[in-house]
Amino acid sequence: MIETVLAITCIGFGCSFALAIAAKFFEVKENPKIGEVNNLLPGANCGACGYAGCMDYAKAVVNDDAELNLCAPGGSDVTASLCEYLGKTAEAAEKQVAIVLCMGTDDVAKRRFEYNGIADCRSAQLVGGGDKACTYGCLGYGTCASVCPTNAIEMINGVAKVHPELCIACGKCISVCPRNLIKLVPAKSTVHILCSSKDKGPIVRKVCTSGCIGCTMCVRLTKEEESISMDGFLAKIDYTKEVQNKAIVEKCPPKCIIDTSNN
Amino acid sequence: MSEEQFYSVSSSPHVHSGASIHGIMRDVVIAMIPAFIAAVIFFGLDAVRLTVVCVASCVIFEYLSRRIMKRNQTISDLSAVITGMLLAYNLPPSFPTWMAIVGSFVAIVIAKQLFGGLGYNPFNPALAGRLFLFLSFAFAMSGNWTDWNYINADNIAAITGATPLGMLQESTGSISFLSSNSNILNLFLGRVNGCIGEVSSLALILGGIYLLWRKVITWHIPVAYIGTVAVFATILYVIDPTGNASPLFHLFSGGLMLGAIFMATDMVTSPTDKSGMLVFGIGCGLLTMIIRKWGSYPEGVSFSIFIMNAATPLLNRVCKPKMFGLKKGKA
Amino acid sequence: MNILKAKFKIHGGVHPKYRKELARNEETKRLPLPKILRISTTQHLGAPSKPVVKKGDYVKKYQLLAEAAGFISAPVHSPAAGTIKDIVAGTGATGTPISEIILETNTTSDEDLVGVFPTNDWNTLSPETILNRVREAGVVGAGGAGFPTYVKLSPPPGKEIQTLIINGAECEPYLTADYRLMMEHPKCLVEGIQIICKVLNVQDAHIAIEDNKPEAIELLSKYIKDNGIENIKIATLPTFYPQGAEKQQIFAVTGKQVPSGGLPSEVGVLVENTGTTVAIYNAVVKDLPFIERTTTVSGYGIENPSNVIAPLGTPYQDLIDFCGGAKDGVKKIISGGPMMGFAQATTETTTTKTTSGLLLLTAKEISQYESAPCISCGRCIAACPMNLMPAELSQFCEAEDFESAAANRVMDCMECGCCAFSCPAHRPLVQHFRTAKAFLRAQPKK
């Protein structure tokens, strides 16, 4: 009995001794600042900063390889705390959110065939160019919603919609959308043109009653501000300027302009 | 073409062989009918009771669990029916009904639906149910064979009680008797003690031939499994004929035929490529004979298949076909 | 004896219901010239050709409409005299955006054509002249890929061709266009083969034909024997799909495996489709550009299934009307064969140099895909002619683990469809692999 106790005790001590030596011997010297910077970051590991996770970004920041304002989920708060910790100054990047520039839901936009296959937008795009009659519109199979780390995207009646209050601007939805419909816009902008179709007006009307027909009404109404311009037959907002004439929302014939400041 | 009529558009190919999971499972059910007939002949109403109870409870448990988990219903693909039949075939005739229902619950809900349903289960569900019952209700599973007299060809009531493998284990039957031709014939036809579906090798082999003809299974796993057992048993018998039963005894006794033809060949839990299947069968054969010869259990089929099921993902990763157009040596 | 059995057995393959008797035994018919042709500038693999005409121009038959844009490209010529109405954007048979030249044809006169210079004896032409005629005629692989033929007939130096195989397998169900070509124009086919042999300096040529076409085998064998031709033999192949796939056919006839990522020229073989060979004959001997082709219009959904010669740019609806119209219950319209063809959303798509078939299929001929889980039955592995593991690859694709799919060689998949054809769970396997390939191709090169 006593021998057993002694034997186990000796083995225990021996192993812990060996572990302690190994810990000291094989230790990887790392700058302790990296760990502390990592603690200041949100820990979403979303990759929006362009680095492989928060730890990677922390390493880059400490080694002076990265700007301090790249963390999109963290926003200006994290930029401020990083500046404070490292004793540097940096201008906080403007908060951005993602937006899906299409409102062709199944009641206004036509489909052109019965799609039978994988319920994924990238796969659907490979079959006959996608089953949406509008070649620019949202296919609605929800790939963007499935990759969003904060569940900010909801599929409503066949079209994706980003809830801006949940969006951390990581950019994952943008990289998977096969039609490049999703864009990052400043969070403070409230006026958006929810159409990406470059087709001529009559062609757009045939496939979707909510699509931009290129009538240029909105461009004319905002002529002084110069906040909207035409890209071919599609009206586009210049997000560096603020759209002041909110009358364009009512005046747009297909009603594809929205103003979220009313919500 | 009217405005509203849409054509169906999908990726190629646009035609199909007509095979379906339902069709495959239906063939397996048909292949298991000879064993059911044999079970009724030898064990009477108990066989009917157990089969009906297991099948019904498996189907009901699958329906309920899919409903609770808000998934689509899959009972029409007949896989629950097969699990029920296989589980019943692994039970002795005196097995209580309520325990069979518990076994069905473990097989369907725990070993299959909790993993995601058909295609996601790592272990054969009927096998998992059977092993659970064996470990939890060992006495009921051991059969309590007192009411079946074991008669040999000379019409002498030889031993009452145990199954042939049990007799081998406990050395209650002499080797020469167990390996005698009359005994082998009994084993082949099924006139012995045992679980209701495993006794008749003849019925099971008939089912196996049907499955091979319908291309539901390939020869690789059954031949590798049974072949390995035959080779191993022959080697043992040649080394020591008085201490080891004959190879034919090992082939036709216990659950080998049921296991090799119906349980080891379960598609989801066995390797997909032919080379992996051969390794799988050989592994099962080796483990079965090792357990029978040196293990503390008389029968090794269930454990060996279960262990090889665990090795299937590894076999799938290692045993891959050589791609067309690659030089030798590259994967 | 000029018939020999191909000795080597390919792994995998499937036996779909061929249904070739629908459009097999009748002579090929010629479509009356349609009023409007919409000719695509993307009729081949490689860069789309550049239009050299504009709206309002009057063109003659055989006139150049669009020139080749680069080395891997081909010119497109006008199938008829007429006026160019417009050049617009459209959608091709595969669903990708294309550019279409809309031609309003002058149906009253077929005589308004650009001058052609047929030759009495092509043997007097040098290989360079022959290749030039093939290039300027816009001949491309008519079997489906549309690879510019003159590029194929100019293998890189160091890669000598020892064997020429003419692909008469036509392994896709329903299609019989190549079979009718062999039955009706053996002279053009055989002379085309000899032209290719001269250009490549090849001694041996084989015409590979599946054994479900015994009449074609017999007819061609007799023609070759009667004309005392020594260097062409018929290689009969067992009938199954995809016997006509290039790599598989090379293996069946010669036993050589084309290395992964490589071309047939690396094992000294060249494969050419029967339709392409006849187009080569037309280009070299008759100096005619590639402006029309035979399409098999078939399926249980068409009134009179038949083979039709139609000019490039013919809308599918014109072909359907010519064959008696569509019956009720057509569920799918396919351009090409049912195993690798493309399902169409409309019948407004037009024919190109590679449109081998137009199928109108009813519900009982097709099947629907489901997203059921894989049961690891292994039928797809047994069917795969490239010896891949489609079950495992599709599970990687479902999990979006495209790197593992690449490591298991999804890029070598030839999208033949044998796996999805055999899958009891009706999984859309080929679509999974196409998604993986599109993802991997979009990755920046490492």
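The structure under discussion appears in the preceding block.
These numbers were taken from a predicted model, which means no experiment stands behind them.

(A) Geometry of the packing of aromatic side chains. Scanning the entire structure with this criterion turns up 16 aromatic pairs over all chains. A centroid spacing of 5.3 Å and a plane angle of 55° characterise the contact between Y115 of chain A and Y141 of chain A, whose relative ring orientation is tilted. You can see Y115 of chain A sitting in strand β2 (residues 114-115) and its partner Y141 of chain A sitting in the loop between α5 (121-126) and α6 (143-147), a full 26 residues away along the chain. Note on F188 of chain B and F252 of chain B: the rings are 5.0 Å apart at their centroids and 65° apart in plane angle, and the pair reads as edge-to-face. Pair noted here: F188 of chain B is in helix α10 (residues 181-189) and F252 of chain B is in helix α13 (residues 247-252), with a separation of 64 residues, a long-range link. Looking at F188 of chain B, the relative accessible area reads 24%, which means it is partly exposed. These aromatic residues form a ring-pair network of at least three members: F134, Y297 and F303 of chain B. Of note, R24 of chain C hangs over the ring of Y179 of chain C, and the distance from its end group to the ring centre comes to 4.5 Å.

(B) Up close: the pattern of salt bridges. Applying the stated criterion across every chain yields a total of 33 salt bridges over all chains. Taking the shortest distance from any N to any O, the salt bridge between K236 of chain A and D231 of chain A comes out at 2.8 Å. Residue classification places D231 of chain A among the partly exposed residues on the basis of a relative accessible area of 30%. Notably, a salt bridge pairs R409 of chain C with D412 of chain C, separated by 2.9 Å at the nearest N-O pair. By relative accessible area, R409 of chain C is classed as partly exposed at 27%. Judged by relative accessible area, which is 13%, D412 of chain C ranks as buried. Within this structure, D106, R111 and D131 of chain A form a network of salt bridges that share partners.

(C) Spotlight on the interface of chain B and chain C. Facing 35 residues of chain B, the contacting portion of chain C comprises 55 residues. Both sides together, the interface formed by chain B and chain C hides about 4000 Å², and carbon and sulfur atoms give 59% of it. Here chain B is connected to chain C by one salt bridge. Mapped by element, the contributors of at least two residues to the side of chain B that touches chain C are β1 (8-9) and α1 (21-31) of chain B. Of the residues in the side of chain B that touches chain C, the class split is 17 nonpolar, 13 polar and five charged.

(D) Representation of the interface of chain B and chain A. Taken residue by residue, the interface counts six residues in chain B and seven residues in chain A. For the pair chain B and chain A, the summed buried area comes to about 590 Å², and 62% of that belongs to carbon and sulfur atoms. Area buried by chain B at its contact with chain A is led by F6, V9 and S10 of chain B, which between them contribute 71% of it. Taken together, chain B and chain A are joined by zero salt bridges. For the interface between chain B and chain A, the tally reads three residue pairs in polar contact (both at pLDDT 80 or more). Each residue belonging to the side of chain B that touches chain A can be placed in one class, and the counts come to three nonpolar, three polar and no charged.

(E) Summary view of the packing of helix α2 (residues 33-43) of chain B against helix α3 (residues 45-68) of chain B. All names here are of chain B. Packing of α2 against α3 leaves a shortest axis separation of 6 Å and a crossing angle of 135°. Relative to α3, α2 is oriented oblique. Residue-level contacts link F36, A39, V40 and F43 of α2 to L45, D46, A47, V48 and T51 of α3. When grouped by side-chain class, the residues that make up the contact of α2 with α3 number seven nonpolar, one polar and one charged.

(F) Summary view of the environment of N167 of chain C. All names here are of chain C. Locating N167 in the fold gives a position in strand β10 (residues 163-168). Exposure remark for N167: the relative accessible area of 12% places this residue in the buried category. Taking C-alpha positions, N167 is 25 Å from A47, a pair spaced 120 residues apart along the chain. In terms of polar contacts, N167 uses its side chain to reach the side chain of Q249, at 3.1 Å.

(G) Region of the structure containing α2 of chain B. Residues and elements named next belong to chain B. Those residues of α2 that sit buried are A35, A38, A39 and F43. Buried residues in α2, looked at end-on, bunch into an arc of 105°, giving them a common side. The secondary structure elements touched by the buried residues of α2 are α3, α4 (79-89) and α11 (201-213). G44 occupies a position one or two residues after α2 and carries a positive phi of about 70°.

Procedures and definitions
- Residues numbered from 1 in each chain as written.
- Chains lettered and ligands numbered in written order.
- Predicted model: local features only at pLDDT ≥ 70, side-chain atom pairs only at ≥ 80, totals over all residues.
- Heavy atoms only, no water.
- Phe/Tyr/Trp six-rings, centres within 6.5 Å; stacked < 30°, edge-to-face > 60°.
- Helix = DSSP H or I, 4+ residues; strand = E, 2+ residues; numbered from the N terminus.
- Buried < 20%, exposed > 50% of the residue type's maximum accessible area, 1.4 Å probe, protein only.
- Lys NZ or Arg CZ within 6 Å of the ring centre and 35° of its normal.
- Salt bridge = Lys/Arg side-chain N within 4 Å of Asp/Glu carboxyl O.
- Contact = heavy atoms within 4.5 Å.
- Buried area = accessible area lost by both parts, 1.4 Å probe.
- Nonpolar A, V, L, I, M, F, W, Y, C, P; charged D, E, K, R; others polar.
- Polar contact = N/O pair within 3.5 Å; in protein donor to acceptor, adjacent residues only side chain to side chain.
- Axes fitted to C-alpha atoms, helices over the stretch in contact; angles between N-to-C directions.
- Parallel < 35°, antiparallel > 145°, perpendicular 65-115°, else oblique.
- Arc of directions from axis to C-beta.

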